[in-house]
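Residues per chain, in single letters:
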Amino acid sequence: MNNDTISINKKIRTKMVQEAEKIKNHSLTIAIKYPQYKEAFDFVHEHFPSAEVKNKRIYMCDKTFLDELGYTEIAGFYNDVVDMIVAVKDSESYGYISEDEAIVHELLHSVSADKKDEEFAYTKSVLYFLKKGRDRDYIIRYMSPYLNKEIEKTKQVLIEKYKVILEKELKESIYKIINQTILRVGD
Ligand SMILES: [Zn+2]
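Keep in mind that what you see is a predicted model, and the values were worked out from it rather than measured.

**Q** What is the right way to read the packing of helix α4 (residues 99-111) against helix α5 (residues 118-131) from this model?
**A** Angle between the axes and distance between the axes: these two values describe a pair of packed helices. As a packed pair, α4 and α5 sit with axes 9 Å apart at the nearest point and diverge in direction by 140°. Considering their axes alone, α4 and α5 lie oblique with respect to each other. Every pair of crossing elements has a handedness; the one defined by α4 and α5 is right-handed. Counted together, Glu-101, Val-104, His-105, Leu-108 and His-109 of α4 and Phe-120, Ala-121, Lys-124, Ser-125, Tyr-128 and Phe-129 of α5 form the full contact between these two elements. Taken together, the residues that form the contact of α4 with α5 break down as six nonpolar, three polar and two charged.

This is how it looks when you write it as structure tokens:
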């Protein structure tokens, strides 16, 4: 890491620490803990008992306040600098997944080795959605930000792959033309 990267990382960490304080101190924030949202905590605990998620607090926040902080269009997030889980109050009324579902997703981020691993958070939470009786369409809608990114990634891989094939074919046909031309000239 060079000095620039270190100083940027330092700035981000400072910002995340300050933001966490702001969230905790906001008048509309409610800190909740186990056994509130029992099913959500139990689900993650069952799969990752050593993570001791039942000791974690979830900060339920006002949507307008989170919008002001720049967290728009999300039902929750995990601040890995201070190990803080945030979820939007009444998330379902904004068309998001429900509070307990957001809590499961963010708790999973907090237990994964790579805190930003969306594949882990999405795939490990699907069972919770199924247990709750959510249908296929709901789960696909929930997973669509992740799935779309995966599709984009796959597309890029395919484009790169076919680029190589096409370049190879193009080169071969050019050589063929060159060879034919040389042969004709030689006649
Ligand atoms: Zn996530």
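**Q** Sorry if this is basic, but what is going on with the sheet that holds strand β2 (residues 58-61) here?
**A** Sheets are built from strands that pair by backbone hydrogen bonding, the pairs being arranged parallel or antiparallel. Spatial strand order, β1-β2-β4-β3: four strands in an open sheet with mixed pairing. Each edge of the open sheet carries a strand with a single partner, namely β1 (30-32) and β3 (76-79). Between one strand and the next, the sheet's axes are offset by a mean angle of 25°, whatever the strand orientation. Taken together, the four bridges between β3 and strand β4 (residues 84-88) define a ladder with antiparallel strand orientation. Note on β4: the bridge partner recorded for Tyr-78 is Ile-85. Sheet strands in contact with helix α1 (residues 3-25) are β2, β3 and β4, and its direction is about 70° off that of β2. Here α4 sits on the sheet in contact with β2, β3 and β4, set at roughly 160° to β4.

**Q** So what exactly am I meant to see when it comes to the nonpolar core here?
**A** Generally speaking, soluble globular proteins have nonpolar side chains that are buried together. Grouped together as the largest cluster of nonpolar side chains are 29 residues, with contacts concentrated most on Ala-40, Val-44, Ile-85, Ala-87, Ile-103, Val-104 and Leu-107. Every element with two or more residues in this core is listed here: α2 (38-47), β2, β4, α4 and α5. The greatest single-element share of this core, amounting to six residues, is contributed by α4. Not counting the four nearest positions on each side in its chain, Ala-40 is found in contact with Asp-100, Ile-103 and Val-104.

**Q** Help me understand α5 in this model?
**A** In a regular helix each residue adds 1.5 Å, so 14 residues correspond to 20 Å; α5 covers 20 Å between its end C-alpha atoms and thus fits that length. Residues of α5 that are buried: Ala-121, Lys-124, Ser-125, Tyr-128 and Phe-129. Remark: Gly-133 follows α5 within two positions and exhibits a positive phi of approximately 90°.

**Q** So what exactly am I meant to see when it comes to the domain arrangement of the protein here?
**A** One frequently used descriptor of interface size is the decrease in accessible area upon assembly of the parts. Domain parsing of the protein yields domain 1 (3-134) and domain 2 (144-187). Look at where the C-alpha atoms of domain 1 and domain 2 centre, and you get two points 44 Å apart.

**Q** Would you mind showing me how to read the environment of Val-82 here?
**A** Of note, Val-82 is situated in the loop between β3 and β4. With 26 residues separating them along the chain, Val-82 and Leu-108 place their C-alpha atoms 16 Å apart. For Val-82, the contacting residues outside a window of four places in its chain are Met-16, Val-17 and Ala-20.

Criteria and thresholds
Residues numbered from 1 in each chain as written. Predicted model: local features only at pLDDT ≥ 70, side-chain atom pairs only at ≥ 80, totals over all residues. Axes fitted to C-alpha atoms, helices over the stretch in contact; angles between N-to-C directions. Helix = DSSP H or I, 4+ residues; strand = E, 2+ residues; numbered from the N terminus. Parallel < 35°, antiparallel > 145°, perpendicular 65-115°, else oblique. Left-handed = near helix turned anticlockwise from the far one by under 90°. Contact = placed C-beta atoms within 7 Å. Nonpolar A, V, L, I, M, F, W, Y, C, P; charged D, E, K, R; others polar. Pairing = 2+ DSSP bridges. Core = buried A, V, L, I, M, F, W, Y, C linked by C-beta atoms within 7 Å. Buried ≥ 20, exposed ≤ 12 C-beta atoms within 10 Å, placed from the backbone. Expected span 1.5 Å × (residues − 1). Domains from an automatic or database assignment.

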